[in-house]
Amino acid sequence: MVADFVSADYGWLRSPDGSESAQVLFKAGKSRDGYFTNEDIIAQTQTAMDIVHKHYPHDEHLFILDNATTHSKRPATAPSATKMTKNLSTKFGAEVTATVNGKTQYASDGKPLKVVIQMGPGQLPDGQPQSFYDSNGVFIGMTRILEERGLVAESKLKASCKGFKCEKGATNCCQRRVLYNQPDFTEGESALEIACKARGFEAVFLPKFHCEMNFIEQCWGHSKRVYRQYPPSSKEADLEKNVLAALESVPLVTMRRCETLSMMLLISYSFMTTVMLGALGGSLMLMPMG
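Described in the following lines is the structure provided in the data block. (Residues numbered from 1 in each chain as written. Predicted model: local features only at pLDDT ≥ 70, side-chain atom pairs only at ≥ 80, totals over all residues. Heavy atoms only, no water.)

Digging into the overall build of the chain
Piece 1. Looking only at helices and strands, the chain features ten helices and twelve strands.
Piece 2. Taken along its principal axes, the extent of the C-alpha atoms in the chain is 65 × 60 × 40 Å.
Piece 3. Expressed as a percentage of the 290 residues in the chain, the buried residues total 32%.
Piece 4. In the chain, 58% of the contacts between residues at least 6 apart in sequence involve partners at least 24 apart.
Piece 5. Surface summary for the chain: the accessible area is close to 18200 Å², and the carbon and sulfur share equals 56%.
Piece 6. One finds the centroid of the 32 positive side-chain charges in the chain at a distance of 9 Å from the centroid of its 31 negative side-chain charges. (Helix = DSSP H or I, 4+ residues; strand = E, 2+ residues; numbered from the N terminus. Buried < 20%, exposed > 50% of the residue type's maximum accessible area, 1.4 Å probe, protein only. Contact = heavy atoms within 4.5 Å. Areas by Shrake-Rupley, 256 points an atom, 1.4 Å probe, with all protein chains shown as cover. Lys, Arg positive; Asp, Glu negative; His and termini not counted. Charge placed at Lys NZ, Arg CZ, Asp CG, Glu CD.)

Some thoughts on the side chain of H222
Piece 1. Mapped onto the fold, H222 is located in helix α8 (residues 216-227).
Piece 2. At 3.2 Å, the side chain of H222 and the side chain of R225 are in polar contact.
Piece 3. In this structure, H222 is in contact with S249, V250, P251 and T254, ignoring residues within four places of it in sequence. (Polar contact = N/O pair within 3.5 Å; in protein donor to acceptor, adjacent residues only side chain to side chain.)

A closer look at unusual backbone geometry
Piece 1. Cis rather than trans, the peptide bond between G120 and P121 has omega equal to 10°.
Piece 2. Examined against the element boundaries, P121 turns out to sit in the loop between β9 (114-117) and β10 (122-123).

Description of the nonpolar core
Piece 1. In this structure, L13, F63 and C196 are the most contacted members of the largest nonpolar core, which totals 18 residues.
Piece 2. Mapped onto this core, the elements with two or more residues apiece are α1 (38-55), β5 (62-65) and α7 (191-197).
Piece 3. Examining the composition of this core, we find that six residues originate from one element, α1, more than from any other.
Piece 4. Every residue in contact with C196, bar those within four places of it in the chain, is listed here: T45, M49, F63, F201 and A203.
Piece 5. Formed by 16 residues, the second largest nonpolar core is a distinct cluster that contains M84, F92, Y133 and F139. (Core = buried A, V, L, I, M, F, W, Y, C linked by side-chain atoms within 4.5 Å.)

Some thoughts on α1
Because the α-helix completes a turn every 3.6 residues, residues three or four places apart line up on one side.
Piece 1. The end-to-end C-alpha separation of α1 is 26 Å, in line with the 26 Å expected for 18 residues at 1.5 Å each.
Piece 2. For α1, the complete set of buried residues consists of N38, I41, I42, Q44, T45, A48, M49, I51 and V52.
Piece 3. Where α1 is buried, its residues meet β1 (2-3), β4 (24-25), β5, α2 (69-72) and α7. (Expected span 1.5 Å × (residues − 1).)

Overview of the packing of aromatic side chains
Piece 1. Taken as a whole, this structure holds ten aromatic pairs when the rule is applied.
Piece 2. A centroid spacing of 5.6 Å and a plane angle of 80° characterise the contact between F164 and Y180, whose relative ring orientation is edge-to-face. Of this pair, F164 sits in the loop between α4 (152-155) and α5 (175-180) while Y180 sits in helix α5, placing them 16 residues apart in sequence.
Piece 3. According to the relative accessible area criterion, Y180 is partly exposed, its value standing at 40%.
Piece 4. Ring pairs connect the aromatic residues F5, F63 and F201, which therefore count as one cluster. (Phe/Tyr/Trp six-rings, centres within 6.5 Å; stacked < 30°, edge-to-face > 60°.)

A short note on the packing of α8 against helix α9 (residues 236-248)
Piece 1. Close contact between α8 and α9 brings their axes to 8 Å; oriented N to C, the two are set at 130°. By the angle between their directions, the pair α8 and α9 is classed as oblique. Both α8 and α9 take part in a crossing whose hand is right-handed. Contacts from W220, S223, V226 and Y227 in α8 reach L239, N242, V243, A246 and L247 in α9. (Axes fitted to C-alpha atoms, helices over the stretch in contact; angles between N-to-C directions. Parallel < 35°, antiparallel > 145°, perpendicular 65-115°, else oblique. Left-handed = near helix turned anticlockwise from the far one by under 90°.)

Re α9
Piece 1. Here α9 is 13 residues long and its end C-alpha atoms lie 18 Å apart, about the 18 Å a rise of 1.5 Å per residue gives.
Piece 2. Residues of α9 that are buried include every one of N242, A246 and L247, and no others. The buried residues of α9 all sit within an arc of 130° when viewed along its axis, so they share a single face. Facing away from the buried side of α9 by more than 90 degrees, the exposed set consists of A237, K241 and E248. (Arc of directions from axis to C-beta.)

Let's talk about the pattern of salt bridges
Piece 1. Tallied over the full model, the rule gives nine salt bridges.
Piece 2. The partner of K54 in a salt bridge is E20, and the shortest N-O contact between them spans 3.2 Å. Taken together, the residues K54 in helix α1 and E20 in the loop between β3 (11-12) and β4 connect sequence positions 34 residues apart.
Piece 3. Judged by relative accessible area, K54 falls into the exposed class, the value being 55%.
Piece 4. With a relative accessible area of 24%, E20 lands in the partly exposed category.
Piece 5. Between K27 and E236 there is a salt bridge whose closest N-O contact spans 2.8 Å. One end of the pair, K27, is in the loop between β4 and α1; the other, E236, is in helix α9, and 209 residues separate them in sequence.
Piece 6. When salt bridges that share partners are traced, they join D4, R14 and E248 into one network. (Salt bridge = Lys/Arg side-chain N within 4 Å of Asp/Glu carboxyl O.)

These figures capture arrangement, not role.
Next up, the structure:
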């Protein structure tokens, strides 16, 4: 499998001499190279930022990605009420996949090994941070979290509706639902956005379910068509060589045509949305695109 970045100006993201690349080639599978996780995407994006910062410093760079959960995943420590306990707990925390030197660790049953770390902090109504743990590292519980936010009446509610299946439209039926709707629990940047912002770059996500707006998909399609023309082989060395050759076969002019098509689709979707909203009495401001 291959993961890469592409630009209509330069093509696949490389240094001018080709010695540095943002491309990641891996063999998927738990007994092989594992799977391409959010952590892998962030590491790859760090490499991409290294390349553009070093070799293309005079351009303004914006990373545009598909709105997939692997891309838009929030940090493991982001506030989540899903498994919070009502009162003190020495075991509650954010469950993350254990890694060693960037490699996922697996348990004896073949599943990724999980470890628990502290969650949060959250944010109080006055903007101050709220720690979910006391000085001894013990989780303080939903009751105290709500009390510290001034939600005294809500702190007296039951911990959760059965199976967290609250009545439709309910917002204060249980502690978990109240916290679930708190701004710091519902909002927040993805781990990838945070990583990019820390280095002065911006990452944006395309609308969900519209992968055709990302012209890299058409570049993949071109390379796949070329790949199918190579003689069949079961040797991994041949497969890898053919994959790389097929990717390099995509001309820059084709990438630019793909980018133009994606922009046309984006404009068309925006126009159709405007017409539909207009028919419903709504409005939508279209922003100019350069």
